[in-house]
Amino acid sequence: MLSVVIPAYNEAENISVTAIRIDTVLSFATIDYELIFVDDGSTDETFATITTLSNDKQVRGLKFSRNFGKEAAVMAGLNCAKGDCCAVLDCDLQHPPEKLVEMYRLWQEGAMIVEGIKVDRGKEALWYRLLAKLFYGIMNCFAGFDLQRSSDYKLLDRKVVDILCHLPEKKLFFRGLSSYFGFAKAEVFFEVAPRYAGKSKWNLLGLWRYAINNITAFSALPLQIVTCTGVFMFIIFVVLGIQTLYNYITGQSIEGFTTVILLLLFIGSTLAIGLGVIGHYIARIYDEVKGRPVYIVEQEV
Ligand code: UDP
Ligand code: MG
């Protein structure tokens, strides 16, 4: 059986259409499936719609007590999926359900992870495109994963899902983790369709948080950069120190006010940035150590 996990946050208009599209595609291909909608604390009619749909025994729904974010919703869906393989796709029909069949076939041929690869990023604002490029560039350089065209549209074998669900880490980066796992992979190419209804849930602040979380989740390189900056500054100190002492000894030590100001600014800002980087990692450790649940399920239908 194939479990299809669909995170949904304020997607009332999209739920039924998505369910119908997936049903049409999978029934036609005679693939046995279940749909798991995870309502990520929506404030609209999302859960009511899911509840209505759940009269059909192939449809299940989870409702979070508040908005916990897409990754949490995906994890919740995977945690309660019963299928031999699980697919994850967005609720706005940007990930074409037709590709599920191709993914399923590849899984049957032995692929453990089938990744949806974006051929075209669809309609995105220029600033979004540029920021996404920057983020993927940083991820690639820090963690060594090329995620440029990757997406959250994936199909995972039961084994991978079990590993994922039993990871002790709380804050996961779903898209990156499958690169980390290894296993036999296959790719399915798709064009990002326009959003069916409603608008994207991302804003600049959310994306910033997402980027920082994921970079710190995957790499300790920022911490090493702090150390390197320290070493670099130390070298400058030695050179300037010698020059200053020389000037002092030869009695020419009045000038250099600009240097002092520049040095102060440089040291101040580097220290602040360094502390900030370390702070992010401490915050992550703090979050993990607190051991709070990643999501709270209020209701299940
Ligand atoms: N989503 C979610 N929780 C959130 C934000 C988004 O479950 O806090 C879901 C949303 O309902 C959709 C998917 O994640 O099914 C992708 O969201 P969106 O379309 O807003 O992102 P984009 O396609 O713009 O990257
Ligand atoms: Mg979308």
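Basis of the calculations
Residues numbered from 1 in each chain as written. Chains lettered and ligands numbered in written order. Predicted model: local features only at pLDDT ≥ 70, side-chain atom pairs only at ≥ 80, totals over all residues. Heavy atoms only, no water. Donors = N, O, S within 2.8 Å, 3.2 Å for Na, K, Ca; no water. Buried < 20%, exposed > 50% of the residue type's maximum accessible area, 1.4 Å probe, protein only. Patch = residues over 30% accessible without salt bridge, like charges linked within 9 Å, V, L, I, M, F, W, Y side chains within 5 Å. Areas by Shrake-Rupley, 256 points an atom, 1.4 Å probe, with all protein chains shown as cover. Salt bridge = Lys/Arg side-chain N within 4 Å of Asp/Glu carboxyl O. Helix = DSSP H or I, 4+ residues; strand = E, 2+ residues; numbered from the N terminus. Arc of directions from axis to C-beta. Contact = heavy atoms within 4.5 Å. Polar contact = N/O pair within 3.5 Å; in protein donor to acceptor, adjacent residues only side chain to side chain. Pairing = 2+ DSSP bridges. Near = heavy atom within 4 Å. Nonpolar A, V, L, I, M, F, W, Y, C, P; charged D, E, K, R; others polar. Axes fitted to C-alpha atoms, helices over the stretch in contact; angles between N-to-C directions. Core = buried A, V, L, I, M, F, W, Y, C linked by side-chain atoms within 4.5 Å.

Around the magnesium ion (ligand 2), the protein contributes the donor atoms Asp92 (OD) and Gln94 (OE1), which lie 1.9 Å from the metal centre. Given a relative accessible area of 4%, Asp92 falls into the buried group. Residue Gln94 is classed as partly exposed on the basis of its relative accessible area, which comes to 21%.

Below, the discussion takes up a nonpolar patch on the surface. Side chains of Phe257, Val260, Ile261, Leu262, Leu264 and Leu265 sit close together on the surface and give an oily, nonpolar patch of about 650 Å² of accessible area. For Phe257, the location among the structural elements is in helix 10 (residues 257-290). Given the relative accessible area of 62%, Phe257 is considered exposed.

A separate point is helix 4 (residues 99-108). Turning to helix 4, its buried residues number three or more, namely Leu100, Val101, Met103, Tyr104 and Trp107. The buried residues of helix 4 occupy one face: seen down the axis, they fall within an arc of 160°. Immediately downstream of helix 4, the backbone of Gly110 shows phi near 115°, a positive value.

This part takes up the environment of Tyr153. For Tyr153, the location among the structural elements is in strand 6 (residues 150-157). Residues Tyr153 and Val188 lie 35 residues apart in sequence; the distance between their C-alpha atoms is 9.5 Å. In this structure Tyr153 touches Val88, Leu89, His95, Pro96, Pro97, Lys99, Leu100, Met103, Val114, Glu115, Gly116 and Phe190, once residues within four positions along its chain are discounted. Polar side-chain contacts of Tyr153 include one of 2.8 Å to the backbone oxygen of Pro96.

Of all eight residues in strand 5 (residues 113-120), six are buried, a share of seventy percent or more. Note: strand 5 against strand 6, four bridges, orientation antiparallel. Its bridge partner being in strand 6, Val114 is matched across the sheet by Leu155. As defined by bridge partners, strand 5 adjoins strand 7 (residues 185-191) across seven bridges and the pair is classed as parallel. Bridging across to strand 7, Val114 finds its partner in Ala186.

For ligand 1, the set of nearby residues contains 17 residues, the closest of which are Glu11, Asp40, Asp92, Ser200 and Lys201. One of the backbone N or O atoms of Tyr9 is found 2.8 Å from an oxygen atom in ligand 1. A distance of 3.2 Å separates an oxygen atom of ligand 1 from a polar atom in the side chain of Asn67. Its residues assigned to classes, the shell around ligand 1 shows six nonpolar, four polar and seven charged.

Pairing is mixed across the open sheet formed by eight strands, whose spatial order is 7-5-6-4-1-2-3-8. Both outer strands of the open sheet, strand 7 and strand 8 (297-300), are each paired with one neighbouring strand and no more. Each adjacent strand pair in this sheet contributes to an overall mean axis angle of 20°, direction not counted. Both strand 1 (residues 2-8) and strand 2 (residues 33-39) contribute to a ladder of seven bridges, which runs parallel. Looking at strand 2, one finds that Ala8 is bridged to Asp39.

Let us now look at the nonpolar core. One finds Leu2, Val4, Leu26, Leu35 and Phe37 to be the most contacted residues of the largest nonpolar core, which totals 34 residues. Secondary structure elements with two or more residues in this core: strand 1, helix 1 (12-28), strand 2, helix 2 (46-53), strand 4 (85-88), helix 4, strand 6 and strand 7. When near neighbours in sequence (up to four residues on either side) are disregarded, Phe37 contacts Ile6, Ile15, Ala19, Ile50, Leu53, Val59, Arg60, Gly61, Leu62 and Cys91.

Attention shifts here to helix 3 (residues 70-80). Of all eleven residues making up helix 3, nine are buried, and the element is well covered by its neighbours. Along helix 3, the positions that sit buried rather than exposed are Glu71, Ala72, Ala73, Val74, Met75, Ala76, Gly77, Leu78 and Cys80.

A few words on the pattern of salt bridges. Tallying each qualifying case throughout the model produces twelve salt bridges. Residue Lys154 pairs with Glu115 through a salt bridge whose shortest N-O separation is 2.7 Å. Of this pair, Lys154 sits in strand 6 while Glu115 sits in strand 5, and the two are 39 residues apart along the sequence. Notably, a salt bridge pairs Arg158 with Asp162, separated by 3.4 Å at the nearest N-O pair.

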